[in-house]
Amino acid sequence: MTTLSPILKQATPVVVDHARGSWIHGTDGQDYLDFTTGIGVTSTGHCHPRVVEAAREQVGKIIHAQYTTVMHQPLLQLTEMLGDVLPAGLDSVFYANSGSEAVEAAIRLARMATGRPNIVVFQGGFHGRTVAAASLTTAGTRFSAGFSPLMSGVHMAPFPYAYRYGWDETTAVEFALRELDYLFQTRTSPADTAAFLIEPVLGDGGYLPTPPAFLEGLRERADRHGIQLIFDEVQAGVGRTGRFWGHEHSAATPDILITAKGIASGFPISAIAAPSATMAKAWPGSQGGTYGGNAVSAAAAVATLEVIHEEGLVENSRVRGDQLQAGLKEIQARFPAIGNVRGLGLMQGIEFTAPDGTPDPTTAAAVQQATTGQGLLTLTCGPAGNVVRLIPALVVTEEEIALGLERFEAALAVVTGAVPAAAAV
């Protein structure tokens, strides 16, 4: 009997029968409030009618139109629509299937455009699981261990993780920028450095917003040294943080932007965007792929962008994110096991810390499992696995956020033996 690889471990025991909006309906007859959204993918909720209809219509026209062989309308329309939301000057787009593929395309372009070999990444970043993407990933050794040698030319600098260091944000930013400058003196000369690669909000690294001053410090150094600044918006983009792009919480702008996940509400498509002059420096034949820019995925992406705009989902992400974070901080005040609550929009992390200040992955894992028993689906992240992350769909309602908070606190009570506030009243 053939089975799935035993290395694939489900975060929950749920088997889906069907799903709609913020809800997954299991084959066990239970309804689950989904605060995982396929790791931030189903941005418009499960099976949004507009997205379903767009995909269904496109399947009846053509499914696979390989876009370096024949062009198709959905990709042309998607490219035009991206022009309305991309940062100014990023007017050329290359499409692939996954975030990892797009990351690799971005660093390949940066190296070709600059003629330089080295990439600087930042501690805690997650950029994918393929060999080059894993070489750039520092969110945990599980992503890169066991298949060395990895890609060369990668150098890591500290991330301004203020809570971990026990500092205020300004001190953490100043430290991280000083260490980056020291890296230039000791490991990779600016003249050998093709790009900085960073997430505006760390994903698997712990749901940590990158301080605006740090992104702006990278922009200044990139300009000074002719380095490409690449923003990996795979998880933080497309409205997730309460702005369309995660980097828009700062004044910094990218030279190359990477997007995937929520751009098509669950259909596989990714892209990099750069100025035409930069994209033209890619070597002939360096961009391509059999399934990149798939017609059905592109049609779903067009519908996704229309829904996000017409239903005001970026603003909903901001408002509901504020509600979610405020509720989590109230819960934090009642549960000492929670050391830190942080995030932007509908991308919130709850870090569990032991009394001695060290990471507490045991409690985080127990809470994540207990939420399923309360009818709420959550995930963990962070290098130590001590952060529970909440990723509701952009369509989530005020009532669903309130219910999610109630169920999260009930799970905490199960794990810690405390009485949740709702029960105490």
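Refer to the preceding data block for the structure.
Heads up: these notes are all about the structure in this document. This one's a predicted model, so the numbers in the text were calculated from it and none came from an experiment.

Some details on the overall build of the protein chain
Part 1 of the argument: In terms of helices and strands, the protein chain carries 14 helices and 15 strands.
Part 2 of the argument: On C-alpha atoms alone, the protein chain measures out to a radius of gyration of 21 Å, which is about the 22 Å that the 2.2 N^0.38 rule sets for 425 residues.
Part 3 of the argument: Principal-axis analysis of the C-alpha atoms places the extent of the protein chain at approximately 65 × 55 × 50 Å.
Part 4 of the argument: Split into buried and exposed, the 425 residues of the protein chain put 56% on the buried side.
Part 5 of the argument: In the protein chain, the proportion of contacts linking residues at least 24 apart, taken out of those at least 6 apart, comes to 72%.
Part 6 of the argument: A total accessible area of about 17,800 Å² is found for the protein chain, and carbon and sulfur atoms account for 55% of it.
Part 7 of the argument: Distance from the positive charge centre (27 side chains) to the negative charge centre (40 side chains) of the protein chain: 5 Å.

A word on the environment of Thr253
Part 1 of the argument: You can see Thr253 is positioned in the loop between β8 (228–232) and β9 (256–259).
Part 2 of the argument: Sequence separation between Thr253 and Glu101 is 152 residues, and the spatial gap between their C-alpha atoms is 22 Å.
Part 3 of the argument: In contact with Thr253, other than residues within four places in its own chain, are Arg219, Leu229, Phe231 and His247.

Regarding the layout of surface pockets
Part 1 of the argument: Of the pockets and cavities examined, the largest pocket occupies roughly 1,500 Å³.
Part 2 of the argument: As for the largest pocket, its lining consists of 48 residues, of which Ile39, Arg129, Asp204, Leu379 and Arg389 are closest to the centre.
Part 3 of the argument: Only α1 (37–40), α4 (99–114) and β14 (379–381) provide two or more residues apiece to the lining of the largest pocket.
Part 4 of the argument: Split into classes, the residues belonging to the lining of the largest pocket amount to 19 nonpolar, 20 polar and nine charged.
Part 5 of the argument: In this structure, the second largest pocket spans a volume of roughly 370 Å³.
Part 6 of the argument: In terms of lining residues, the second largest pocket is bounded by 20 residues, among which Tyr161, Arg164, Glu351, Pro359 and Pro383 are the most central.
Part 7 of the argument: Per-element accounting of the lining of the second largest pocket gives the leading share, three residues, to helix α6 (residues 162–165).

Description of the pairing of strand β15 (residues 387–390)
Part 1 of the argument: With burial as the criterion, each face of β15 is covered, one bearing Val387 and Arg389 and the other bearing Val388 and Leu390.
Part 2 of the argument: Note that strand β12 (residues 347–352) and β15 share four bridges and pair antiparallel. Opposite Ile350, over in β15, you have Val388 as the bridge partner.

Quick look at the pairing of strand β10 (residues 270–274)
Part 1 of the argument: A large share of β10 lies buried, amounting to five of its five residues.
Part 2 of the argument: Pairing geometry for strand β4 (residues 92–96) and β10, over five bridges, is antiparallel. Bridging across to β10, Ala96 finds its partner in Ser270.

So, empty space enclosed by the protein
Part 1 of the argument: The final tally for this structure, using the stated rule, is one cavity of 30 Å³ or more.
Part 2 of the argument: Of the volumes computed, that of the largest cavity is approximately 30 Å³.
Part 3 of the argument: In terms of lining, the largest cavity is formed by Leu78, Leu82, Tyr95, Thr259, Ile263, Ile269, Ser270 and Ala271.
Part 4 of the argument: Where the lining of the largest cavity is concerned, the elements lending two or more residues are α3 (73–82) and β10.
Part 5 of the argument: By residue class, the composition of the lining of the largest cavity is six nonpolar, two polar and no charged.

Some words on unusual backbone geometry
Part 1 of the argument: Omega for the bond connecting Ser148 with Pro149 falls within 30 degrees of zero, at 10°, which places this linkage in the cis form.
Part 2 of the argument: Relative to the helices and strands, Pro149 resides in the loop between α5 (131–135) and β6 (154–157).
Part 3 of the argument: Not every positive phi belongs to a glycine, and Ser265 is a case in point at roughly 60°.
Part 4 of the argument: With respect to the helices and strands, the residue Ser265 is situated in the loop between β9 and β10.
Part 5 of the argument: For Ser265, a relative accessible area of 10% corresponds to the buried category.

Observations concerning the packing of aromatic side chains
Part 1 of the argument: As enumerated under the stated definition, the model contains 10 aromatic pairs in all.
Part 2 of the argument: Taking the centre distance of 5.1 Å and the plane angle of 75° together, the rings of Trp167 and Phe175 count as edge-to-face.
Part 3 of the argument: Under the relative-accessibility criterion, Trp167 is labelled partly exposed at 35%.
Part 4 of the argument: Through pairs of rings, three or more aromatic residues link up here, namely Phe122, Phe159, Phe184, Phe196 and Phe214.

Points about the packing of helix α7 (residues 169–186) against helix α8 (residues 212–225)
Part 1 of the argument: Put simply, α7 and α8 touch, their axes get as near as 9 Å, and they point 25° apart. In terms of orientation, α7 and α8 fall into the roughly parallel class. α8 is crossed by α7, and the crossing has right-handed handedness. Residues Glu169, Val173, Ala176, Leu177, Leu180, Asp181 and Phe184 of α7 form the contact with α8, whose own contacting residues are Pro212, Ala213, Phe214, Gly217, Leu218, Arg221 and His225.
Part 2 of the argument: Among the residues forming the contact of α7 with α8, the class breakdown is nine nonpolar, two polar and three charged.

Examining the sheet that holds strand β13 (residues 376–377)
Part 1 of the argument: Taken together, four strands build an open sheet; the order of strands is β1-β2-β3-β13 and the sheet is mixed. Edge positions in the open sheet fall to β1 (16–20) and β13, since each of these has one partner strand only.
Part 2 of the argument: Two elements, strand β3 (residues 31–34) and β13, share two bridges in a ladder whose sense is parallel. Residue pairing for β13: Leu33 is matched across the bridge by Leu376.
Part 3 of the argument: Contacts from helix α13 (residues 398–416) reach β2 (23–26), β3 and β13, with the element oriented near 105° to β3.

Observations concerning the pattern of salt bridges
Part 1 of the argument: Summed over all chains, the structure comprises 14 salt bridges.
Part 2 of the argument: Sharing partners across several salt bridges, the network here consists of Asp181, Glu220, Arg221 and Arg224.

Rules used in this analysis
Residue positions are counted from 1 within each chain, in the order its sequence is given. Reporting of local features is limited, given that this is a predicted model, to residues whose pLDDT is at least 70; pairs of side-chain atoms are given and counted only at 80 or more, and all residues count toward the totals for whole chains, interfaces and linings. Heavy atoms from the whole structure form the basis of all side-chain values; hydrogens and water molecules are not counted. Secondary structure is summarised from DSSP: a helix means a run of H or I of at least four residues, a strand means a run of E of at least two, and numbering begins at the N terminus for each. We take the radius of gyration over the C-alpha atoms and set the globule estimate at 2.2 Å times the residue count to the 0.38 power. Relative accessibility under 20% of the residue-type maximum defines a buried residue, over 50% an exposed one, and the middle range a partly exposed one, all with a 1.4 Å probe and only protein chains included. Any two residues whose heavy atoms approach within 4.5 Å at even a single point are treated as in contact. Here the accessible surface of atoms and residues is derived via Shrake-Rupley with a 1.4 Å probe, and residues count as covered only by protein chains that are part of the display. Charged residues are defined here as Lys and Arg on the positive side and Asp and Glu on the negative side; His and the ends of the chain fall outside this count. All charge positions are set by atom: Lys at NZ, Arg at CZ, Asp at CG, Glu at CD. The pocket and cavity definitions rest on a 1 Å grid over protein atoms only: a 1.4 Å probe that fits but cannot leave marks a cavity, an open set with protein on both sides within 12 Å along at least five of seven lines marks a pocket, and residues lining either have an atom within 4 Å of a point. Grid points are joined across faces, edges and corners, and a volume is the space filled by probe spheres set on the points. Under the convention adopted here, Pro, Cys and the residues Ala, Val, Leu, Ile, Met, Phe, Trp and Tyr are nonpolar, Asp, Glu, Lys and Arg are charged, and Gly plus all remaining residues are polar. Strand pairing follows a simple DSSP-based rule, namely that at least 2 bridges must link the two strands. Two rings belonging to Phe, Tyr or Trp (six-membered ring only in the last case) form a pair when the distance between their centres is within 6.5 Å. Interplanar angles under 30 degrees mark stacking, angles over 60 mark edge-to-face geometry, and anything in between is tilted. All axes here are fitted lines through C-alpha atoms, helices being fitted over the stretch that makes contact, and every angle between N-to-C directions spans 0 to 180 degrees. Should an angle fall under 35 degrees it is taken as roughly parallel, and over 145 as roughly antiparallel, whereas 65 to 115 is taken as roughly perpendicular and any remaining angle as oblique. By convention the crossing between two helices is left-handed if the near helix lies anticlockwise of the far one by an angle smaller than a right angle, and right-handed if it lies clockwise. Should a side-chain nitrogen of Lys or Arg be within 4 Å of a carboxyl oxygen of Asp or Glu, the pair is scored as a salt bridge.

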